[in-house]
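# Fold and geometry: a report
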Amino acid sequence: MPTPGNPQRRFRLADDVLWDEYGEACREVNGSADRSDDIRKHVVAVVAEWKKRRQAS
């Protein structure tokens, strides 16, 4: 159950093999199997790039 202020966002990835391999890749590359942290970093980077492009226009 989500705690107040924590919406527990979710996404679906139907390919179980890909998800498992992604976990292994995160462990090897990042030293952690915390896939959610990796996804969070990606989202932050994409939004930062988007904001940068908007400011340049």
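Keep in mind that what you see is a predicted model, and the values were worked out from it rather than measured.

Turning to the environment of Ser36, a few remarks are in order. Structurally, Ser36 can be placed in helix α2 (residues 35-56). On the accessibility criterion, Ser36 (39% relative accessible area) is partly exposed. Distance from Ser36 to Phe11, taken between C-alpha atoms, is 11 Å for residues 25 residues apart in sequence.

It is the contact of helix α1 (residues 16-30) with α2, at a shortest axis distance of 9 Å, that shows an interaxial angle of 80°. As the angle between them shows, α1 and α2 are arranged roughly perpendicular. Contacts between α1 and α2 pair Trp19, Asp20, Tyr22, Gly23, Cys26 and Asn30 from the former with Arg35, Asp38 and Ile39 from the latter. A per-class count over the contact of α1 with α2 returns four nonpolar, two polar and three charged.

How each quantity is defined
Residues numbered from 1 in each chain as written. Predicted model: local features only at pLDDT ≥ 70, side-chain atom pairs only at ≥ 80, totals over all residues. Heavy atoms only, no water. Helix = DSSP H or I, 4+ residues; strand = E, 2+ residues; numbered from the N terminus. Buried < 20%, exposed > 50% of the residue type's maximum accessible area, 1.4 Å probe, protein only. Axes fitted to C-alpha atoms, helices over the stretch in contact; angles between N-to-C directions. Parallel < 35°, antiparallel > 145°, perpendicular 65-115°, else oblique. Contact = heavy atoms within 4.5 Å. Nonpolar A, V, L, I, M, F, W, Y, C, P; charged D, E, K, R; others polar.

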